[in-house]
Structures are given as C-alpha cells and as structure tokens.
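Below are the chains, spelled out letter by letter.
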Amino acid sequence: MLKQEALKKKRLNKVGDFFMEYLVLMAIVALVIVTAIVEPRFLTANNFRNIMGQFGPLSFTALGMTFIILGGFIDLSLPGMISLIAMITLSLFDVIGEVPAMIFGMALGVFLGAFNGTLLVRVGATTQAKALFITFGMSQIYGAISQLITGGHPISRLFIEHPAPITQNLSSGTIGDIFGFSSFLDSIPITFIVFLFFLAILFIFQKKTVLGRSINYTGGNFLAAELGGIPTKRIMVMIYSICGFMVAIGAIAAFSRTPVAAPEIIGANYERDSIMAVVVGGTSLTGGRGNVLRTVLGVSLIILLSNCMNLMQINSHLQEVFRGAVLVTAIWLDHRRHANA
Amino acid sequence: MDVATLSFGRKTLKILGKQKAIVAVALILIAMLFSSSNIFTRNHLFAFLVVAAPDLVIAFGVTFAVICRACDLSVGSVMCLSGIIAIQLINSGVPVFIAVLIAILSGTVIGFINGFLIVQQKTEAFIITLGMGMLLKGVALFMSNARPVSTQDPAFNSISNSTIIGLPSIVVYMLIIGVLAYCLLRFTSFGRNCYALGGDYEVAEHSGINVVRTKWAAFVITGTCAAIAGVLLSSRINTGSAIYGDLTPLLVNCSVVIGGTSFAGGVGGIAQSGLGIAVMHMLRYCMRMFRIDGVLPGINQHVQTLVFGIVIVAIIAMDCYAIKRKKEDV
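Remember, predicted model here, so these are calculated numbers, not experimental data. (Residues numbered from 1 in each chain as written. Chains lettered and ligands numbered in written order. Predicted model: local features only at pLDDT ≥ 70, side-chain atom pairs only at ≥ 80, totals over all residues. Heavy atoms only, no water.)

Chemist: So, the domain arrangement of chain B: which residues are in play, and what are the values?
Modeler: All names here are of chain B. Segmenting chain B into domains produces domain 1 (40–289) and domain 2 (301–330). Centre-to-centre separation of domain 1 and domain 2, based on C-alpha positions: 24 Å. Between domain 1 and domain 2, the contact holds nine residues from the first and eight residues from the second. Carbon and sulfur atoms make up 82% of the surface buried where domain 1 meets domain 2, a total of about 920 Å² over both sides. In terms of surface lost to domain 2, no three residues of domain 1 exceed Ile258, Leu283 and Met287, which account for 46% of the buried area on that side. The tally of links between domain 1 and domain 2 comes to zero salt bridges. Taken together, domain 1 and domain 2 are joined by zero residue pairs in polar contact (both at pLDDT 80 or more). Every element with two or more residues in the side of domain 1 that touches domain 2 is listed here: α12 (248–259) and α13 (270–289). (Domains from an automatic or database assignment. Contact = heavy atoms within 4.5 Å. Buried area = accessible area lost by both parts, 1.4 Å probe. Salt bridge = Lys/Arg side-chain N within 4 Å of Asp/Glu carboxyl O. Polar contact = N/O pair within 3.5 Å; in protein donor to acceptor, adjacent residues only side chain to side chain. Helix = DSSP H or I, 4+ residues; strand = E, 2+ residues; numbered from the N terminus.)

So this is what it looks like as structure tokens:
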C-alpha cells in the first residue's frame, strides 16, 4: 500500500518535473495556440517566413552568450563589440572587398573576445560580478573606439561602391533566390540556414567534445574543475573567444538588415536581450547547467512573443513591460525548480 | 637596500591601492591645474554637485545592497518612473507634497518586490533586477507615451531649484540623505547586521540575525533612494522622461565598487560610495572643462567616453588584482 502510494507520488513528480523542465516549450505551445485562436493571420505561410526571418543578430549573439553563462560568467561588452566590428567591417568593404572584410570582422571578434577573456584571467576576475563591471567598461571602450573611427557618423551601405552581394541577400534573401527552384523550401530565409548551421556546430562541440564538456564543469564548480585538472583559465579565454566570434556573425547580420548603420545604436541592448534569451531558455545563471538548444527555445519564445504581440496590435511600450515580466517570471520559476531539486 | 626599497614600494602601492578613489580625484584635480579654464571656484563646485546629486543619492541607497553582497540594476528605471509619476500626478491635480510622496513610495514598493524575489525567493540579484529594470522602463515609456512630460507647477520646480542657506537645495537634500544613510549604516544594529550578513551570510544567520528581514530592508532602502533621486532630478530639469537612466544603474554600481565597497560584501560605507561617484562625475565634468588655450581647444566627446571606459576597467581590474594577490600571499 505504502509502496503504491510512493510509486504514485513518484510518477506524479515525474509529470511535474517534465512540465517544469520544459516550461518554456509549454509556454511557446500555449502562446501559439492562444494567438492562433485570437488572430488567424498567425497561421499563414507569410507569417512563418516572417518569424524565420527574425532569427537574426539576436539568435547569434545569444548562442555565443550561452557558452559564457554556461562557464559561469557574463559579458556586457556586446554593444561595444557589435558596434566596433560592424563599423570596421563596413569601412573595409571598399578597401579589401566584401568577403575578406567579413573574415577580418570575424577574426576581430575572436580577438576582442580573447582580449576580454585574457584580461579577466590576468586580473583574477573569477566571479560573475567582477566580470560584469569589467566587460561593461570594455563595452564603453569598444564603443568609443568605434565612434572615433567613424567620427560618430553613420555608415550608409548605399555609398559603398564595391559590390556586396552577401550583405544584400543575407537577411532579405531566401534559399529560392540562390538555387532558383520553387518549392516550400524556397521561402526559408538565408539567415535562418546560417543560424541552423552554427547551432549544429556549437551543439556538437558542446555535447561531444572534451573541451565542450569542460565548459560545463568550469561553470558548475570553478575550484573543483581546476583541482580536477581542467585548464579553467584557458577555458575562460576560449568561451569569450567563441562569444566574440558569434558576436561578429551577429554584427554582420545586424548591418545586413539595415541600410544605414549608426555606431551608437547598432549594438544597443543586445547584451540585455541575449542574456534574457539564454536565461529564459533555462540555462542556469550560476553556470554549469544548460545547453545551446535551450537557448534556441529562449530565442524562439522572445521572437514569438513579439510576433504575437505585434499581430494582436499591443502598444510597443506595453510589449516592453510584458517582455520584462516574462524575464522576471522565467528566472523566478527557474530558480524554484532548481531549489526544489 | 634593494629589499627595503622594494618593500617600501610595495607598501606605498598597497596604501594607494586601498585609496584608489582618493588618488584618482587627486590626479584629476592636478591635471586640471594645467587647464586654461579655472574650475577651482565656488560656482564650479556648486554646478558639479548639482549635476552629481541624483547619482549620489542613488549611490547611497545602492551601498546598502552592495554591502549585503548584492547589487541593484533596476535603479535607473526606478529613477525615471518616479519622476514621471510625480509629474503626471501633479498635472492631474494632486497636491505637490502628496504627489512627491506617492512617487517616492513607488520606489519603496519596487524595492520591496525586488527584496521579495531576491531575498525571500533567493534568486540571483543581478539578473532579476536587470529584468525588473526592463519591465519598469516599459512602464515608464507606457506612462509617458515615450514623450518627455513637464509640469507648470512652480512648487514642484522649486524643490531642486531654490537655495537653502546659500546652497542649492538639491545639494542640501543630498547631504541630508547622505548623513541619514551614514548614521543608519554606522550607528544602528540594522547597519551592523548588513555588514555581518555581507561578510558571511551563513554565520550571520547562525548568530541569530534575521538575515531575510535585514537584506530585504536593504533593498527597500535602495528602491526608496532611487525614487528620491528621480524626484530631485525631474524637479531640477522640470522634465520626466523615460529616455535617461539607461547607463545609470551600471555606472552607480560601478562607482560604489570603485569607492571601495567591495563586491565580496561586508566592507565599505556611505562616504566611500560618495567618493566613488565623485570620481566618475569629476572625470566627466573636468574632461568637459579641460582646455589649454592655443594648444587644445577641448577634448573630443568620444575620447572622453574612451578615457571613461579605461578608468572603469583599470580601477576594477586593480581591485580584482589586489584580491588575487592577497589570496596568493596567504
């Protein structure tokens, strides 16, 4: 009798655990159902294309941020980095051509990320709070350099003489534009494919390689990882470099979306939104728990939320309130889940 | 001889390392001696204090949170929101005194909610206040419709723009709040409990301190101070707007740490935080004023940001490095 009760309780717990574990997925399903009922336009092919097109800069930066948060750190230098990388890459278009400029931009991203990581390791900033303020200062520095390079003026793509087909097609183009066949697939935006490509690489890296798993150990318990023989300092530099690379991709996606890139606004709020996407997805801020797929859930929730709210014609300021409320609730629930476990 | 000079150098470095903020202020003032614009006047001092006063008031509140080993990144939005609430209420016919009171109470309520989530539910302070800041920013945008709001009421305008015994009133309010916060932290059991639980939460809990209530109260104080700063600021410029205050939370938290209130919790104080804010604002103010006739007409605005960022990174990095060295020495 007792045994049966215990079993029943266990099963109930399992169901509850499942719901708690995939809370974001449930939220997404609920959101889709509610919006589909209230607003029939939601379930049209056009809107799906629209949603896929939204997997832009934020999804790339959030993927990079996942690794930093997994390692137990934080990076607030995203706005400055995006601004600097975008401005330098754009101004190099006329000098060395499009593809070399983009490669240079990615290398710059890795360099800036590695610089952040090395600086933190060198000064011994091994806690999140210290990393928070140092990277905040770095963001100011990068942003200022970007402003100095451009003189504070925005760069317009229309004045770039060198042909830039990739930039032009990256965010507005679809697969159909490249291969020319017409099927359902031809409406998938190119950024979405790029996103899936990086997602697959980073997922395999995180789950199947020793280095990838070391990140989780480092974030789970820094001291134990170090005593266990994991080169924690090198891991720190590595995660910041990965984030820098993904930020560079994000910067390219960001300036490909807009005809005019202004240094002070192109990167604004990306640090906040990336952290939010990662945390809402369920990657724990204390580090060590989570993966890139969860971040995809988080990004999807944010994109779907804004898509649904736009369709329902909710005031844009009210949308900000809802977004903040979702963030606070998600962190709160996430914390309760881990506190009970 | 060699060893002696080395240890002397190390000692000096150690002392200077502890008083980074004072060194920074001294360096800035020495640099200003070379400037053609003389800032060593009473008017400049008052102008500087008036600009810095809202941030100082916020910093006094944030000090409580930082001493309890937490931080509060929602203060910028609280500041915007309380200014907008005060002005909107006055415009809808509420007496100035009551409107200001309600605006300040709004900060208290937000601090209470922050405290509930962080202390009672034990969530991560920095991310929850970041989210709270985002939420409140939305509320502020929604309330003001993203437009600056202002009022015609002279009584509200005169809160910050009159003089009391020869000082600008906003500075007087700032000083009163500073002294109150200093006494609260220094001479009451609540203040000492804050230091205790910042130093070691578990030990404080086992020694019978009501840790939850103490830390919760610290967040309430932080929220209230931010709201007061919002009222003072919006009264000074007679505008409530949701656009300012984006960088305020990080700058204020940063300044508090620069002043010497450590993130590890348990050390620091109101005076140190005031010094930290003074460094930040002095740097800005002096860079704006700096010019050498015939040689340097002024400092480029972007160079100012660059120097600002370098100073933040340098001071916090020095702080971290000192802790690291201390650990290695032991």
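That covers the picture; the talk isn't over yet.
Chemist: Describe helix α3 (residues 45–53) of chain A, with residues and values.
Modeler: Residue and element names in this part refer to chain A. For α3, the full list of buried residues reads Asn47, Ile51 and Met52. For α3, the buried positions fall inside an angular range of 140° around the axis, keeping them on one side. Those residues of α3 that are exposed and aimed more than 90 degrees away from the buried face are Ala45 and Asn46. Buried positions along α3 lie against α10 (190–208) and α15 (292–311). (Buried < 20%, exposed > 50% of the residue type's maximum accessible area, 1.4 Å probe, protein only. Arc of directions from axis to C-beta.)

Chemist: Give me the lowdown on the state of the cysteines, citing residues and values where you can.
Modeler: Residues and elements named next belong to chain B. All told, the structure shown has zero disulfides over all chains when counted by the stated rule. Cysteine 254 forms no disulfide, and the closest cysteine sulfur to it belongs to cysteine 320, at a distance of 11 Å. Assessed through its relative accessible area of 0%, cysteine 254 is described here as buried. Its relative accessible area of 1% is what places cysteine 320 among the buried residues. (Disulfide = S-S within 2.5 Å.)

Chemist: Tell me what's going on with the side chain of B:Thr129, and back it up with residues and numbers.
Modeler: All names here are of chain B. With respect to the helices, strands and loops of the structure, threonine 129 is situated in helix α6 (residues 125–144). From its side chain, threonine 129 meets the backbone oxygen of phenylalanine 126 in a polar contact 3.1 Å long. Leaving out residues up to four positions away in the same chain, threonine 129 has contacts with Cys71, Asp72, Leu73, Ser74, Asn114 and Ile118.

Chemist: Can you lay out the packing of aromatic side chains for me, pointing to particular residues and giving the numbers?
Modeler: Tallied over the full model, the rule gives 18 aromatic pairs over all chains. Here A:Phe93 and A:Phe255 contribute two aromatic rings whose centre-to-centre distance is 6.0 Å and whose plane-to-plane angle is 80°, an arrangement assigned as edge-to-face. You can see A:Phe93 sitting in helix α5 (residues 78–96) and its partner A:Phe255 sitting in helix α13 (residues 232–257), a full 162 residues away along the chain. Each of the two residues, A:Phe93 as well as A:Phe255, counts as buried. Pairing B:Phe116 with B:Trp216 gives two aromatic rings, centres 6.2 Å apart and planes at 45°, and the pair type is tilted. Highlighted residues: B:Phe116 in helix α5 (residues 96–120) and B:Trp216 in helix α11 (residues 211–237), separated in sequence by 100 residues. The class for B:Phe116 is partly exposed, based on a relative accessible area of 26%. Given the relative accessible area of 16%, B:Trp216 is considered buried. A connected cluster of aromatic rings, assembled from ring pairs, spans A:Phe55, A:Phe60, A:Phe192, A:Phe195, A:Phe197, A:Phe198 and A:Phe245. Here the guanidinium or amino end of B:Arg284 rests over the ring plane of B:Phe308, the centre of that ring lying 4.4 Å away. (Phe/Tyr/Trp six-rings, centres within 6.5 Å; stacked < 30°, edge-to-face > 60°. Lys NZ or Arg CZ within 6 Å of the ring centre and 35° of its normal.)

Chemist: I'd love a proper account of the interface of chain A and chain B, names of residues and values included.
Modeler: Each partner contributes to the interface: chain A provides 46 residues, whereas chain B provides 41 residues. Of the roughly 3800 Å² buried where chain A meets chain B, counting both sides, 82% is carbon and sulfur surface. Area buried by chain A at its contact with chain B is led by A:Phe133, A:Phe136 and A:His317, which between them contribute 17% of it. In this structure, the connection of chain A to chain B is made through zero salt bridges. Our count for the chain A to chain B interface comes out at two residue pairs in polar contact (both at pLDDT 80 or more). Elements with a contribution of two residues or more to the side of chain A that touches chain B: α6 (98–123), α7 (128–150), α14 (270–281) and α16 (316–340) of chain A. If you tally residues by element for the side of chain A that touches chain B, the top one is α7(A), at 15 residues. Residues that form the side of chain A that touches chain B fall into these classes: 27 nonpolar, twelve polar and seven charged. (Nonpolar A, V, L, I, M, F, W, Y, C, P; charged D, E, K, R; others polar.)

Chemist: Provide a residue-level description of the side chain of B:Thr222, including the pertinent values.
Modeler: Residue and element names in this part refer to chain B. In this structure, threonine 222 sits in helix α11. Residue classification places threonine 222 among the buried residues on the basis of a relative accessible area of 0%. In this structure threonine 222 touches Gly61, Val62, Phe64, Ala65, Asp72 and Val75, once residues within four positions along its chain are discounted.

Chemist: Let's hear about the environment of B:Ile98: which residues, and what values?
Modeler: Residue and element names in this part refer to chain B. Note on placement: isoleucine 98 falls in helix α5. Isoleucine 98 gets classed as partly exposed once you look at its relative accessible area, which sits at 40%. Each C-alpha atom of the pair isoleucine 98 and alanine 86 lies 8.9 Å from the other, and the pair is twelve residues apart in sequence.

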